Structure formats: structure tokens, C-alpha cells
Amino acid sequence: RDTFVFSHTDAHDKVTDFSSSTDTLAFSATLFEASMSEVDRAIQDFVIARTTSTGTVISIDADGKGAGKAVEVAFLENVQNFNVADLHSKCQVDII
């Protein structure tokens, strides 16, 4: 079981061994322009997953107001159909 921690948006990390059945993505609360409870309630507005043919791009929308303002922070290689809200409910997407 691995935890991948993201604390800044100036890097675009490539994760080659993420398992959606066991691993966790943890995002620092400092990445968001909202309270932890606001982010927690509407996680899919702040953490955005976009599936590509080779994996999933994870982006952060600091204010939660639209994907157009999101910044890419990670690429999960060979991960398809990543559902932020579903994994958040299983404590596999976390705000720290």
C-alpha cells in the first residue's frame, strides 16, 4: 500500500505503479483556495481526473470553479476509469 503525496503544483509527477485497489493519493490542503470541509464535500470539483489512452491525468482546481483553471499535477500510468469521488469515499483520495 503506497501513499502518493502532492504538496505543490509546479511539478507534474508520473506515477507508474498506482493501484486503485490499495494505494492513496494525498493532496496538501495548501493547494486549495477553500476550506478542507468544502474540498471534502465536493472533491470532484477540486481534484479532476481525465482518462487518456495511456493512463489518467490528475489535475487540481484550486478554487473548485471549473476544469479550465485546473493545473496538472500527476499522470497515473496505465490507470483507466479513475473516479475521484468513489476513491475519496474509500479514503484513497485524501486531503491532508
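Above this text you will find the structure in question.
Here's what I pulled together on the structure shown here.

Rules and cut-offs
- Residues numbered from 1 in each chain as written.
- Predicted model: local features only at pLDDT ≥ 70, side-chain atom pairs only at ≥ 80, totals over all residues.
- Heavy atoms only, no water.
- Helix = DSSP H or I, 4+ residues; strand = E, 2+ residues; numbered from the N terminus.
- Rg over C-alpha atoms; globule rule 2.2 N^0.38 Å.
- Buried < 20%, exposed > 50% of the residue type's maximum accessible area, 1.4 Å probe, protein only.
- Contact = heavy atoms within 4.5 Å.
- Pairing = 2+ DSSP bridges.
- Axes fitted to C-alpha atoms, helices over the stretch in contact; angles between N-to-C directions.
- Salt bridge = Lys/Arg side-chain N within 4 Å of Asp/Glu carboxyl O.

**Some remarks on the overall build of the chain**
Helix and strand content of the chain: three helices and seven strands. Along the chain direction, N to C, the helices and strands of the chain fall in the order β-β-β-α-α-β-β-β-α-β. Radius of gyration (C-alpha) of the chain: 12 Å, near the 12 Å computed for a compact globule of 96 residues. Judged by the C-alpha coordinates and their principal axes, the chain covers about 30 × 25 × 20 Å. Counting across all 96 residues of the chain, residues that qualify as buried make up 41%. Restricting to contacts in the chain with at least 6 residues of sequence separation, those with at least 24 account for 49%.

**Side note on the sheet that holds strand β4 (residues 47–51)**
With respect to topology, four strands assemble into an open sheet ordered β2-β6-β5-β4, the strand pairing being mixed. What marks the edges here is a single partner per strand, and that holds for β2 (13–15) and β4. Recorded for the sheet is a direction-independent mean angle of 25° between the axes of neighbouring strands. Bridge count between strand β5 (residues 55–60) and strand β6 (residues 71–77): six bridges; the pairing is antiparallel. Opposite Val57, over in β6, you have Phe75 as the bridge partner.

**A word on the side chain of Ser28**
Counting through the fold element by element, Ser28 comes out in the loop between β3 (24–27) and α1 (36–41). When its relative accessible area of 13% is taken as the criterion, Ser28 is described as buried. Setting aside anything within four residues of it in sequence, one finds Ser28 in contact with Phe6, Ser7 and Ile96.

**What about unusual backbone geometry?**
Not every positive phi belongs to a glycine, and Asn78 is a case in point at roughly 60°. Judged by relative accessible area, which is 61%, Asn78 ranks as exposed.

**Things to note about the pattern of salt bridges**
Considering all chains together, one arrives at three salt bridges under this definition. Residues Lys69 and Asp63 are paired through a salt bridge, measuring 3.9 Å at the closest nitrogen-oxygen approach. Given the relative accessible area of 59%, Lys69 is considered exposed. Using a relative accessible area of 21% as the deciding quantity, one classes Asp63 as partly exposed.

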